[in-house]
Amino acid sequence: MFKSLRFLFLLIAVVLAFGTALAQDGGNTLIMARAADTTGLDPHTQTAFASLRLLELVYEPLVTLAPDLSIVPALAESWEFSDDAMTLTMHLRQGVKFHDGSDFTAADVVATFTRILDEATGAAARANYLSIASMDTPDDTTVVFNLSTADVPLLAAMASVNASIASSEAIAAGDFSATAIGTGPFILDEWVPEEVTRLSANAEWWGEGPFVDGVEMRVIPDEASILAALRAGEIDFALLNDPLVATLLRGDESLVLNAVPALAYHVLQLNPSRAPMDVLEVRQAMSCAIDRQEVLDTASLGEGTVTGPLTIPAYHVDPSTFFCYTKDLAKAQELMAASGVEPFTLKAIVANAEPPTALSEAQSIQAQLAEIGITLEIEPLELSVYVDRWLAGDFDAAVALNGGRPDPYTMYARYWTSAGNLQVVTNYIDETLDSLMAAGRAEPDFAARLDIFTQFQQHLTEVSPWLWLYSGYEYTAHQPYVVGFEPNATDSLYSFAKVSLER
Amino acid sequence: MERGRGEVLPERPFVRRYLLQRLFAFLPILIGVSLLVFTAIRLIPGDVITATLGTEAGMLTDAQRESLRSYYGLDRPVVEQYARWAAGAITGDLGVSTRHGKPVTELIGDRFPVTLQLALMAVTLALLVGIPLGILAAVRHNTIFDLFVRMLALAGLVMPGFLVGTLIIYLLSTVFGVLPNAGNFVRFNEDPGLNLRQMIFPAITLGFAFSASVMRMTRSSMLEVLGDDYVRTARGKGLRERRVITQHALRNALIPVVTLVGVEMGYLLGGTFIIETLFSLPGLGRLLVNAISQRDYALVQGATLFIASVFVLINLLVDLVYAAVDPRISYDR
């Protein structure tokens with residue numbers, strides 16, 4: 001018997017020794033991992049964050065965002081608006097080459113925006129550039145955008161992967177699904193969906209860098225396994241989504257965890273086209289009944305801050321100045337009584353694990369709304385089913401994590417203007433919102449804009465079609481020898497161009 | 001047990017007829033599966049456009065949406081879509097995956113070997129561990145050793161794969177400071193050494209629970225066989241106990257284990273999504289589950305059809321092996 005057992009122990013020992021044999025490669029390639037993979041290579045039509053993380057290394061827009069979200073030059077060196085904000089002139093960087101060796105000129109900019117505006121392209125971001133009536137190219141390095149309406153936020157909208165400049169030849173050839181020819185710091189060598197993406201440094205890049213030979217983006221579908229890979233030293237850099245996983249790195253001296261306040265916001269969206277959410281007092285009562293900090297603490301371990309509609313730091317307003325941002329049960333009950341609405345039940349749609357905290361948020365809200373006699377039924381849905389229902393406006397309430405934008409107008413025009421594409425989802429608009437948004441769009445002066453959008457936030461939280469809850473963090477983690485990465489609110493990896501590995 | 005030549009030869013036509021019958025039964029099964037999957041994946045809300053764009057799909061104008069629908073071939077009548085796909089499937093063309101931009105057959109050809117290898121390794125490990133332990137537990141039954149092995153088996157059965165896998169990954173990364181597969185999976189033909197190192201822990205995770213089933217099955221059927229007359233006869237002839245067990249009892253005791261292995265292989269070859277996700281293995285399970293969430297219709301249909309075929313084939317194979325191991329079973333008439 002012991003002979004047989006010895007065989008077993010030997011088997012286990014061999015397996016362990018074999019499996020844990022060290023295999024380290026300390027090259028000059030930045031190895032990163034993330035849970036979700038790119039869904040496609042067309043920079044103008046891809047909207048998934050996972051796709052943008054790859055495409056922003058390969059393609060470049062005219063302008064881009066600094067870590068503080070200010071707009072800084074990329075392919076344009078400088079720009080100016082006319083005084084009436086009706087024309088925007090871009091002065092392009094000279095001597096830039098695409099990865100296929102062709103020169104970057106004004107013609108490529110025109111071809112790019114023509115492609116985005118062409119409905120046949122199917123670019124969801126098209127809505128942000130509709131004010132472009134025509135484009136002139138006085139010379140090879142100047143592009144003049146003639147606008148149909150004063151549009152200050154157009155500039156911020158251009159600081160997006162979705163406005164990346166593609167070469168006019170690639171656009172004429174028409175196929176963006178298999179190759180990626182940009183001007184960016186890295187060249188796409190290979191994309192094996194769901195497995196690995198390999199990029200090499202663009203030696204001809206106009207900026208200073210890259211300082212690594214390339215980037216290897218791996219897909220590790222389970223975030224806990226990403227953490228394990230980091231700890232085992234198998235990867236250099238990781239994108240993390242789940243606060244419950246990321247916070248495990250707090251206090252870990254051997255790794256660096258970056259947590260930057262996100263632009264994305266967690267929100268409970270009500271549907272004011274359905275009774276009794278059509279009654280202002282009912283929505284307000286719900287707002288008063290919810291302790292937002294408690295939702296944040298329960299669902300996200302307190303990883304974030306309570307927020308109003310605008311998460312952009314430059315437009316930050318102390319949330320305690322918003323309507324009922326301090327839980328007030330008495331007031332909530334008063335409002336319910338004033339509304340004349342009997343205790344009711346509403347269903348909230350929640351996407352499975354998107355975000356990972358969604359279900360816990362819903363449960364926290366459920367418990368709090370019960371205190372004023374509102375029963376919240378939680379309806380967990382697979383993501384695509386959720387998106388389908390959401391887009392059709394087919395819900396009483398929805399727990400959502402919405403992406404933010406660097407400009408308040410671009411961030412909310414889709415929801416809170418009467419012509420907004422997603423009015424079918426919000427089902428709420430009033431004169432004040434409409435006129436404030438229009439004013440903010442045309443106003444070039446920052447102080448004046450801040451004032452306009454502060455009024456916008458205050459009004460929106462008071463009429464409470466949505467109940468803004470909190471915004472979390474964008475997490476990245478890396479080995480201490482990864483130097484030069486700039487953590488930022490949009491989770492952009494563009495600063496990989498500045499990263500070096502100092503082992 | 002051994003059969004004379006004269007007995008085997010006349011049996012062959014019956015086996016062949018049985019085989020043909022079973023193979024003919026494939027067709028309705030596969031047509032049924034394909035129809036079911038084709039309909040089901042289209043009945044659930046969402047399509048490839050919303051799956052790719054998410055809520056941004058709401059920003060599309062009607063013309064943009066139409067353009068995308070025609071790009072993905074969604075604008076065609078459903079019946080036409082099925083007819084086109086089925087016609088292709090007959091000639092071995094399962095269509096092109098919208099997500100990967102590659103032929104579905106190529107993707108399956110790329111992923112299936114990973115799944116097959118994982119399943120084979122897991123089953124081998126489970127047999128290597130389960131059978132000896134099962135025999136020992138039966139021979140020493142009602143001893144401390146038996147109790148210990150049975151407890152171990154119980155632990156194997158109640159601990160779900162994701163728990164065992166997570167524990168293994170945690171141990172490897174924090175204690176040993178390694179993680180053989182950190183998203184850099186290599187195929188066996190590329191680097192057999194590294195590949196085996198990457199596959200061994202997922203195989204252990206998968207094989208752990210299965211070895212418990214094998215051990216329990218071996219133990220109970222061994223106990224049963226050890227009480228049979230022919231074993232008593234063998235002992236009575238004065239054979240050494242070791243020989244009685246390995247030469248006489250084991251062969252019959254293993255018949256139910258063969259069935260067990262067959263069924264398990266059938267399931268494992270469909271892919272094991274959780275283990276593949278945990279250990280970042282590019283197997284069939286992940287391919288299929290991701291295809292469903294991305295509404296990659298061609299890939300879902302092709303992969304399901306393939307998995308169904310494998311499952312049916314394995315079942316047939318098990319029945320044949322069964323007949324070979326147990327002469328009491330034959331498929332004539």
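Values in this document were obtained by computation on a predicted structure and should not be read as measured data.

### Here we look at the overall build of chain A
For step 1, the next point in the chain: Across its full length, chain A carries 16 helices and 21 strands.
For step 2, the next point in the chain: The C-alpha atoms of chain A give a radius of gyration of 25 Å, which matches the 23 Å a tight globule of 503 residues would have.
For step 3, the next point in the chain: Buried positions account for 51% of the 503 residues belonging to chain A.
For step 4, the next point in the chain: In chain A, the proportion of contacts linking residues at least 24 apart, taken out of those at least 6 apart, comes to 70%.

### Description of the sheet that holds strand β6 (residues 132–139) of chain A
Residue and element names in this part refer to chain A.
For step 1, the next point in the chain: Read across the open sheet, the four strands follow the order β4-β5-β7-β6; overall the sheet is antiparallel. For this open sheet the edge positions go to β4 (76–81) and β6, each flanked by a neighbour on one side alone. Ignoring which end each strand starts from, the neighbouring axes of this sheet average 20° apart.
For step 2, the next point in the chain: One ladder, built from five bridges, connects strand β5 (residues 87–92) with strand β7 (residues 142–147); its direction is antiparallel. In the sheet register, T87 faces β7, and the bridge partner there is N146.
For step 3, the next point in the chain: Along the sheet, helix α3 (residues 106–117) contacts β5, β6 and β7; its crossing angle with β6, the most-contacted strand, is approximately 170°.

### Some details on the sheet that holds strand β12 (residues 256–261) of chain A
All names here are of chain A.
For step 1, the next point in the chain: Taking strand neighbours across the sheet as the criterion, the seven strands line up as β8-β9-β10-β1-β11-β19-β12 in an open arrangement whose pairing is mixed. Edge strands, defined here as strands with exactly one partner in the open sheet, are β8 (186–192) and β12. The mean angle between the axes of side-by-side strands here comes to 20°, regardless of whether they run parallel or antiparallel.
For step 2, the next point in the chain: In the sheet, strand β9 (residues 196–201) pairs with strand β10 (residues 214–219) via five bridges, with the strands oriented antiparallel.

### Here we look at the interface of chain B and chain A
For step 1, the next point in the chain: With 54 residues of chain B at the contact, the number on the chain A side is 54 residues.
For step 2, the next point in the chain: Broken down by element, the side of chain B that touches chain A gets its largest block of residues, seven residues, from helix α7 (residues 161–176) of chain B.
For step 3, the next point in the chain: Per-class residue counts for the side of chain B that touches chain A are 27 nonpolar, 21 polar and six charged.

### Quick word on the pairing of β9 of chain A
Residues and elements named next belong to chain A.
For step 1, the next point in the chain: Pairing of β8 with β9 involves six bridges; the strand directions are antiparallel. Across the sheet, residue W191 finds its bridge partner in β9, namely T197.
For step 2, the next point in the chain: The antiparallel pairing of β8 with β9 creates a hairpin that spans three residues between the two strands, and E194 there sits at a positive phi of about 70°.

### Examining the nonpolar core
For step 1, the next point in the chain: Membership of the largest hydrophobic core comes to 219 residues, with the highest contact counts inside it found for A229 and A238 of chain A together with A122 of chain B.
For step 2, the next point in the chain: Beyond its immediate chain neighbours, meaning those up to four positions away, A122 of chain B contacts A203, L206, G207, F210 and L268 of chain B.
For step 3, the next point in the chain: L107, L284, A291 and F306 of chain B belong to the second-largest nonpolar core, a separate cluster that totals 19 residues.

### Description of the domain arrangement of chain A
All names here are of chain A.
For step 1, the next point in the chain: Split into domains, chain A comes out as domain 1 (26–40 + 184–261 + 474–501), domain 2 (60–167) and domain 3 (265–471).
For step 2, the next point in the chain: One C-alpha centre belongs to domain 2, the other to domain 3; they are set 33 Å apart.
For step 3, the next point in the chain: Each side of the interface is counted separately: domain 2 has 13 residues, and domain 3 has 14 residues.
For step 4, the next point in the chain: For the side of domain 2 that touches domain 3, the per-class residue count stands at eleven nonpolar, one polar and one charged.

### What about the confidence of the model for chain B?
Residue and element names in this part refer to chain B.
For step 1, the next point in the chain: Mean pLDDT over chain B: 86, with 94% of residues reaching 70 or higher.
For step 2, the next point in the chain: Across chain B, the element-wise mean pLDDT spans from 77 in helix α1 (residues 5–43) up to 93 in helix α5 (residues 104–139).
For step 3, the next point in the chain: Within the model, the stretch residues 1–10 combines pLDDT values under 50 with three contacts to residues more than four positions away or in other chains.
For step 4, the next point in the chain: Confidence estimates for the predicted assembly give a pTM of 0.89 and an ipTM of 0.84.

### Details of the packing of helix α13 (residues 408–416) of chain A against helix α15 (residues 431–442) of chain A
Helix packing for two helices is described by the angle between their axes and how far apart those axes are.
All names here are of chain A.
For step 1, the next point in the chain: Running from N to C, α13 and α15 point in directions that differ by 150°, and their axes come no closer than 11 Å. With respect to α15, the element α13 is oriented roughly antiparallel. Of the two possible hands of crossing, α13 and α15 adopt the one that is left-handed. Two secondary-structure elements touch here, α13 through P408, Y409, A413 and W416 and α15 through L433, M437, G440 and R441.
For step 2, the next point in the chain: Along the lines of polarity and charge, the residues of the contact of α13 with α15 split into six nonpolar, one polar and one charged.

### Considerations on the environment of D68 of chain A
For step 1, the next point in the chain: Assignment of secondary structure puts D68 of chain A in the loop between β2 (63–65) and β3 (71–73).
For step 2, the next point in the chain: Separated by 419 residues in sequence, D68 of chain A and P487 of chain A have C-alpha atoms that sit 9.8 Å apart.

### Regarding the environment of S471 of chain A
Residues and elements named next belong to chain A.
For step 1, the next point in the chain: Inspection of the secondary structure assignment puts S471 in strand β18 (residues 466–471).
For step 2, the next point in the chain: Taking the C-alpha atoms as reference points, S471 and I171, 300 residues apart in sequence, are found 38 Å from one another.
For step 3, the next point in the chain: When near neighbours in sequence (up to four residues on either side) are disregarded, S471 contacts P261, A262, A264, Y265, H266, G304, T305, T307 and T311.

### Some thoughts on unusual backbone geometry
Residue and element names in this part refer to chain A.
For step 1, the next point in the chain: The omega torsion across G209 and P210 is -10°, close enough to zero to call that bond cis.
For step 2, the next point in the chain: In this structure, P210 sits in the loop between β9 and β10.
For step 3, the next point in the chain: The omega torsion of the bond from A275 to P276 falls at -5°, within 30 degrees of zero and hence cis.
For step 4, the next point in the chain: Considering the arrangement of structural elements, one finds P276 in the loop between β13 (265–270) and α8 (280–289).
For step 5, the next point in the chain: A positive phi angle is found at A353, which is not glycine, with a value near 60°.
For step 6, the next point in the chain: With respect to the helices, strands and loops of the structure, A353 is situated in the loop between β15 (345–351) and α11 (358–370).

### Quick word on the environment of L107 of chain B
All names here are of chain B.
For step 1, the next point in the chain: Inspection of the secondary structure puts L107 in helix α5.
For step 2, the next point in the chain: For L107, a count of 26 C-beta atoms within 10 Å translates into the label buried.
For step 3, the next point in the chain: The spacing of L107 and L287 is 180 residues in sequence and 8.5 Å in space, taken between C-alpha atoms.
For step 4, the next point in the chain: Apart from residues no more than four positions distant in its own chain, L107 is found in contact with S97, H100, K102, L287 and L299.

### Details of the packing of helix α8 (residues 192–226) of chain B against helix α10 (residues 241–253) of chain B
All names here are of chain B.
For step 1, the next point in the chain: Contact pair α8 / α10: the axes reach a minimum separation of 9 Å and the direction vectors enclose 125°. Classed by the angle they form, the pair α8 and α10 counts as oblique. As for how α8 packs across α10, the hand of that crossing is right-handed. The segment α8 lies against α10, with T218, S221, M222, V225 and L226 engaging A249, N252 and A253.
For step 2, the next point in the chain: A breakdown of the residues in the contact of α8 with α10 according to their chemical character gives five nonpolar, three polar and no charged.

About the cut-offs
- Residues numbered from 1 in each chain as written.
- Chains lettered and ligands numbered in written order.
- Predicted model: local features only at pLDDT ≥ 70, side-chain atom pairs only at ≥ 80, totals over all residues.
- Helix = DSSP H or I, 4+ residues; strand = E, 2+ residues; numbered from the N terminus.
- Rg over C-alpha atoms; globule rule 2.2 N^0.38 Å.
- Buried ≥ 20, exposed ≤ 12 C-beta atoms within 10 Å, placed from the backbone.
- Contact = placed C-beta atoms within 7 Å.
- Pairing = 2+ DSSP bridges.
- Axes fitted to C-alpha atoms, helices over the stretch in contact; angles between N-to-C directions.
- Nonpolar A, V, L, I, M, F, W, Y, C, P; charged D, E, K, R; others polar.
- Core = buried A, V, L, I, M, F, W, Y, C linked by C-beta atoms within 7 Å.
- Domains from an automatic or database assignment.
- pLDDT = per-residue confidence, 0-100.
- Parallel < 35°, antiparallel > 145°, perpendicular 65-115°, else oblique.
- Left-handed = near helix turned anticlockwise from the far one by under 90°.

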